[in-house]
Number of protein chains: 2
Amino acid sequence: MAIVGAGQTAFGDFPEKGVKELFAEAYFEMLKSVDKGLDPAMIEAAYLGCLSAGGGFQLGQLAPLLLGYVGLPHVPAVRLENACASGGFALYAAVCAVASGHFKVVLAGGVEKMRDLSGQKGRYWLGVSGDTEYERLAGCTFAGIYALMANRYMFEYGLTRRQLSLVAVKNHRHAVANPKAQFRRAVTLEEAMEGPMVAHPLNIWDCSPTSDGAALVLICSAELAREFTDRPVYVAGFGAAGDYLALHDRADITKLRAARKAARAAYERAGLGPGDIDLAEVHDCFTIAELLAYEDLGFCEEGKAARLLEEGHTSFGGRLPVNVSGGLKAKGHPLGATGCGQACEIFAQLRGQAVEPSRQVPGAEIALSHNVGGSGGTATVFIYRGGS
Amino acid sequence: MAIVGAGQTAFGDFPEKGVKELFAEAYFEMLKSVDKGLDPAMIEAAYLGCLSAGGGFQLGQLAPLLLGYVGLPHVPAVRLENACASGGFALYAAVCAVASGHFKVVLAGGVEKMRDLSGQKGRYWLGVSGDTEYERLAGCTFAGIYALMANRYMFEYGLTRRQLSLVAVKNHRHAVANPKAQFRRAVTLEEAMEGPMVAHPLNIWDCSPTSDGAALVLICSAELAREFTDRPVYVAGFGAAGDYLALHDRADITKLRAARKAARAAYERAGLGPGDIDLAEVHDCFTIAELLAYEDLGFCEEGKAARLLEEGHTSFGGRLPVNVSGGLKAKGHPLGATGCGQACEIFAQLRGQAVEPSRQVPGAEIALSHNVGGSGGTATVFIYRGGS
């Protein structure tokens, strides 16, 4: 099957826009992106990722509410929730729906409104995606959970504070050229190493922000793709998996087993391997998470992620640029929108449309996206192939 | 594809059980129900409906949490939410997953924990599934919304207070024989007509209760079905649709357009019509909703639902028994569990296993389930065929 349209809002702080407005903005950009046009009446189903259901859990049946707002009230639409991987799971359900043969044209997307929550309420509902009984109620925030993983990784593999900060420096540098990014501002290594501490060893520059935003992609069967565009982006493979939510239940906290299992399934379905990937959008909710992703996705051996980074291979211009968009760290992380936001970036890149010349990865044909829920309780991986 | 296993808790008030315990109870009953046994390692994906994510929205990533609790942490599992139709949409996603060919053995289910919420909190989050902006914040509860629909239907078609109460009388009578029902107690017509008023014309006997509960079905490809049982129940057709959440946006409030669209799709996929249905489980969240369902599903003409009921056709022993389980009204309505709970009842009925002799519908071969989100913002319809 293929992606033939994509739209997303800028990620950031939009007090003047609610979930409906954010969704509509992404929807109409998606409509415009379909080269040969789309009659909205062709949309047969919609799968939308969202954790908070409209800011602090205030709306049920969010999916039909949003579809009704853009004039498609009768489309069967449903919200999927797996914390920060909600968007990835929406895409996964949409892909299955098209693969079933029962639906030809399907929307996958997500939306999140995080910036208008008070600090207390925001912390509360961000915390719910860990193991509530054993982590949140014991006082462990998400930064705290990833800090435990970072500390263990440092102990096992000798990762340094400086190397962690290089992830932030790279992704902020990438975001400068991305008009959709929340932080279009570079950060120096010195600055990134000395930010206010959040949970040792993670400081503020190691953490992705809270964000408002929405992202959508339009998926259709491979046979139909050319009716919409001469430049479809094919979904070559996909995988999803779960894991224990609580770190203490896992055998090893320097790898995300859910991500490894999802990646294996995606590579197998695509008939491709890590060496085939030209560019990747990975789930860098914290700097340590990007380094774990390199290893979970097979981009390098265990314990070698920092070297891959330091040698510049994952920077723009390197052999496998990672998070050219700026990543969650600098593009922003509106939870439910993140997974499909990654697909939007890849849609642009594989069609040569990452318009700012400094951002287009030249000659990219195969791309990967990696979306993680919580601290690895769930994960999805998709592999895409350019069709031009 | 086929259903080859089913399990559900009793629905009711279980202060001693949380969502994990409820889910596990349904899961182990499902395992036991698979005639030729199931190796749990064969389960490749899970789709779970839940509105409140564990009571007052306190848990994110509920699906992998529950799968981990029963020893299946790595199964890709995701929560789906469409208010009271969350379970129906979980079943719908599971059906698409199996139809895609990517998954052979899939769980669909749902769970809800409602009874331990205070009245205020419960009202709050039940209200979120209407249109929050235009209904809940204006003070309209769900009973209020269905009361508006009931009043309009009375005006249009001359429905009487007595006829509304006959729905409650029938479903309570049915529930007496159901060991899984919340209220195994008959109600007299006099009692049902004179309950304390909730929202005119709906009194307490017109309203389904709040409930704790979980329900699960195991779905596999038709080819595999006989490996698990000689009595599979085939999914012959399915449909899902949406609508505007707010009543004021709809052209007519005496019909649920989402249910009609879902039913049409299900009948078409099954190659069957309303006249083929031997038994149905319909979404009687309020008594008026069961009457609307008769018409939306094509069981009778518009305005004729009360006559169908009064003539006894939809009672146990009639030609098209509806809600032999007791329905949402008397079996109970743990939101996310309701849709798959209907499938559990039908699984038992079509296999001749509705064990209490007074409850088994003799000779039933084709059945239908109908699950509605909110006041009709979403709906799913499934048609099943017995395989023995």
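Only a predicted model underlies this, so the values are computations on that prediction, with no experimental measurement involved. (Residues numbered from 1 in each chain as written. Chains lettered and ligands numbered in written order. Predicted model: local features only at pLDDT ≥ 70, side-chain atom pairs only at ≥ 80, totals over all residues.)

Caption draft 1: Structural detail: unusual backbone geometry. Residue and element names in this part refer to chain A. Here the residue pair H200 and P201 is connected by a cis peptide bond, since its omega of 10° sits within 30 degrees of zero. Residue placement: P201 occurs in the loop between β5 (197-199) and β6 (202-203). Phi is positive for A83, close to 50°, though the residue is something other than glycine. Summarising the element assignment, A83 is placed in the loop between β3 (77-81) and α3 (86-99). (Helix = DSSP H or I, 4+ residues; strand = E, 2+ residues; numbered from the N terminus.)

Caption draft 2: Structural view of the interface of chain A and chain B. The partner chain B presents 46 residues to the 46 residues of chain A that form the contact. When contributions to the side of chain A that touches chain B are tallied by element, the ones reaching two or more residues are α2 (62-69), β3, α3, β8 (233-242) and α9 (257-270) of chain A. Among the residues making up the side of chain A that touches chain B, the classes are represented as 25 nonpolar, 16 polar and five charged. Here three bridges tie β3(A) to strand β3 (residues 77-81) of chain B, and the two strands are oriented antiparallel to one another. Bridge assignment links A:L80 to a residue of β3(B), and that residue is B:L80. (Contact = placed C-beta atoms within 7 Å. Nonpolar A, V, L, I, M, F, W, Y, C, P; charged D, E, K, R; others polar. Pairing = 2+ DSSP bridges.)

Caption draft 3: Broad picture of helix α6 (residues 161-175) of chain A. All names here are of chain A. Over its 15 residues, α6 extends 22 Å from the first C-alpha to the last, a length consistent with the 21 Å expected when each residue adds 1.5 Å. For α6, a buried count of eleven out of 15 residues is recorded, marking the element as mostly surrounded by other parts of the structure. Turning to α6, its buried residues number three or more, namely L164, S165, L166, V167, A168, V169, K170, N171, H172, H174 and A175. Against α5 (142-157), α7 (189-193), α10 (287-296), α11 (305-310) and α12 (327-330) lie the buried residues of α6. (Expected span 1.5 Å × (residues − 1). Buried ≥ 20, exposed ≤ 12 C-beta atoms within 10 Å, placed from the backbone.)

Caption draft 4: Structural detail: the confidence of the model for chain A. Residues with a pLDDT of 70 or more make up 95% of chain A, whose mean pLDDT is 94. Scored as a complex, the prediction yields pTM 0.96 and ipTM 0.95. (pLDDT = per-residue confidence, 0-100.)

Caption draft 5: Here's a closer look at the relation of the copies chain A and chain B. Least-squares fitting of chain A to chain B yields an RMSD of 0.0 Å, with the superposition described by an axial translation of 0.0 Å and a rotation of 180°. Taken together, these values place the two copies in the relation of a two-fold axis. The position closest to the rotation axis in chain A is occupied by the C-alpha of A:S100, lying 1.8 Å away. (Least-squares fit on C-alpha atoms with pLDDT ≥ 70 in both.)

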